[in-house]
Every structure is written in structure tokens, then in C-alpha cells.
Amino acid sequence: MNNILVALDFNGNEQQLIDTAINYAQAFDAKLWLLHIVAPNPDFVGYEAGPQFIRDNRASQLKKERELLDNYSDSLEEKGIKAEGLMVQGATIETIMEESKKLNIKLIIVGHSERSMLYKAIFGRVASSVIKASNIPVLTVQIE
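None of the values given here were measured: they were computed from a predicted structure.

**Observations concerning the overall build of the protein chain**
- Across its full length, the protein chain carries 5 helices and 5 strands.
- Reading the protein chain from its N end, one meets helices and strands in the order β-α-β-α-β-α-β-α-α-β.
- Burial analysis of the protein chain (144 residues in total) assigns 38% to the buried set.
- With the model as given, the accessible surface of the protein chain reaches about 8,600 Å², and the carbon-plus-sulfur share is 52%.

Laid out in C-alpha cells, this is it:
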């Protein structure tokens, strides 16, 4: 098991996933791929990008997320764990599957939390969708 993908959503729970991933990376001398998926460009999905302040706000948010991703991977490297951060635009499940194939991933780690029925109806569950779509082992981590 030389490549582990960790799906991060930056909702404040990523450290739990990273801590779990560290244990597996150390046990199997594996590289961690920290994957953060961002929503597609609004133009791509048929909407105008909007006023300049909206584009600037989105650019600022993406820059912060990129910096956070880099900080996590740098911190892991300092601990002697091979790590690389990826920030990819796309649909969540499809992007996780595509990147897993490209990177020859042997284990996918995703977070799972209990949400309201309304949230589940609108957004679904990433963890259960990844499990259904994947032929790679998936480790779900209960997050708070």
C-alpha cells in the first residue's frame, strides 16, 4: 500500500482524518495524497461568474484553501511522512475516483458525520457514495 488518498473538505474536521491517515502512512510506508475538491467554475455549469467582487471573493477563498492544503502537506513532510496536496475542481465522487485511478491509490480515507435528513436529501453522503463507487478499500472516519 504505497499511496493513500485523504479527502478533505475543510469544514474543521480535517485534523481527525489526517491523524488517522498518519497511522496508516507510517504502518505501510505510504505517501499521503491530500485531496481537496472545489466546486466547478460557475461558467462551466452555465452561470455567469458575476460581479468582480464575487470573483475576487472566490479567488481569495481558493487561495486560503490552497495555503491550508500546503500547510498540511508541509507539516506531514516535516514529520517524515511523504505527502502532497491536490486541489481539483469537479464533482466530488467522480473526482475522488478519477484521482484515485491516476495516482494508483490503494486506500481512500473519507470522513463521515451524522447530519440531518434535510442535509442528506440535498447533498447526499460522500462516504457512502465513495464506498459504492469504489473498487479500492475505503476507510471511513467518524468525525465530529
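There's more to say after this.
**A word on helix α1 (residues 14-28)**
- For α1, which comprises 15 residues, the first-to-last C-alpha distance of 21 Å matches the rise-based estimate of 21 Å (1.5 Å per residue) to within 8%.
- For α1, every residue scored as buried is listed here: Glu14, Leu17, Ile18, Thr20, Ala21, Ile22 and Ala25.
- Contacts from the buried residues of α1 go to β1 (3-8), β2 (31-38), α2 (52-78), β4 (107-112) and β5 (138-142).
- Backbone geometry just downstream of α1 places Asp29 in the positive-phi region, at approximately 50°.

**Some remarks on the nonpolar core**
- Val6, Leu8, Leu32, Leu34, Leu76 and Ile109 are the most contacted members of the largest nonpolar core, which totals 21 residues.
- The element contributing the most residues to this core is α1, with 5 residues.
- Not counting the four nearest positions on each side in its chain, Leu34 is found in contact with Val6, Leu8, Ile18, Leu69, Tyr72, Ser73, Leu76, Glu84, Gly85 and Leu86.

**Here's the deal with the packing of α1 against α2**
- In the contact formed by α1 and α2, the axes pass within 12 Å of each other and the chain directions differ by 30°. Judged by the angle between their axes, α1 and α2 are roughly parallel. In this structure, the crossing between α1 and α2 has a hand that is right-handed. Residue-level inspection shows Glu14, Gln15, Ile18 and Ile22 of α1 in contact with α2, the latter providing Leu68, Tyr72 and Leu76.
- Taken together, the residues that form the contact of α1 with α2 break down as 5 nonpolar, 1 polar and 1 charged.

**Observations regarding the pairing of β2**
- Among the 8 residues that make up β2, 7 are buried, leaving the element largely enclosed by the rest of the structure.
- One ladder, built from 6 bridges, connects β1 with β2; its direction is parallel. Residue Asn3 lies in a different strand from β2, and its bridge partner there is Lys31.
- For the handedness criterion, the β-α-β arrangement of β1, α1 and β2 is classed as right-handed.
- Pairing analysis gives 7 bridges linking β2 to strand β3 (residues 83-89), with the strands arranged parallel. Within the sheet, the bridge partner assigned to His36 lies in β3 and is Met87.

Thresholds applied
- Residues numbered from 1 in each chain as written.
- Predicted model: local features only at pLDDT ≥ 70, side-chain atom pairs only at ≥ 80, totals over all residues.
- Heavy atoms only, no water.
- Helix = DSSP H or I, 4+ residues; strand = E, 2+ residues; numbered from the N terminus.
- Buried < 20%, exposed > 50% of the residue type's maximum accessible area, 1.4 Å probe, protein only.
- Areas by Shrake-Rupley, 256 points an atom, 1.4 Å probe, with all protein chains shown as cover.
- Expected span 1.5 Å × (residues − 1).
- Contact = heavy atoms within 4.5 Å.
- Core = buried A, V, L, I, M, F, W, Y, C linked by side-chain atoms within 4.5 Å.
- Axes fitted to C-alpha atoms, helices over the stretch in contact; angles between N-to-C directions.
- Parallel < 35°, antiparallel > 145°, perpendicular 65-115°, else oblique.
- Left-handed = near helix turned anticlockwise from the far one by under 90°.
- Nonpolar A, V, L, I, M, F, W, Y, C, P; charged D, E, K, R; others polar.
- Pairing = 2+ DSSP bridges.
- Right-handed = clockwise from strand over helix to strand, strands pointing away.

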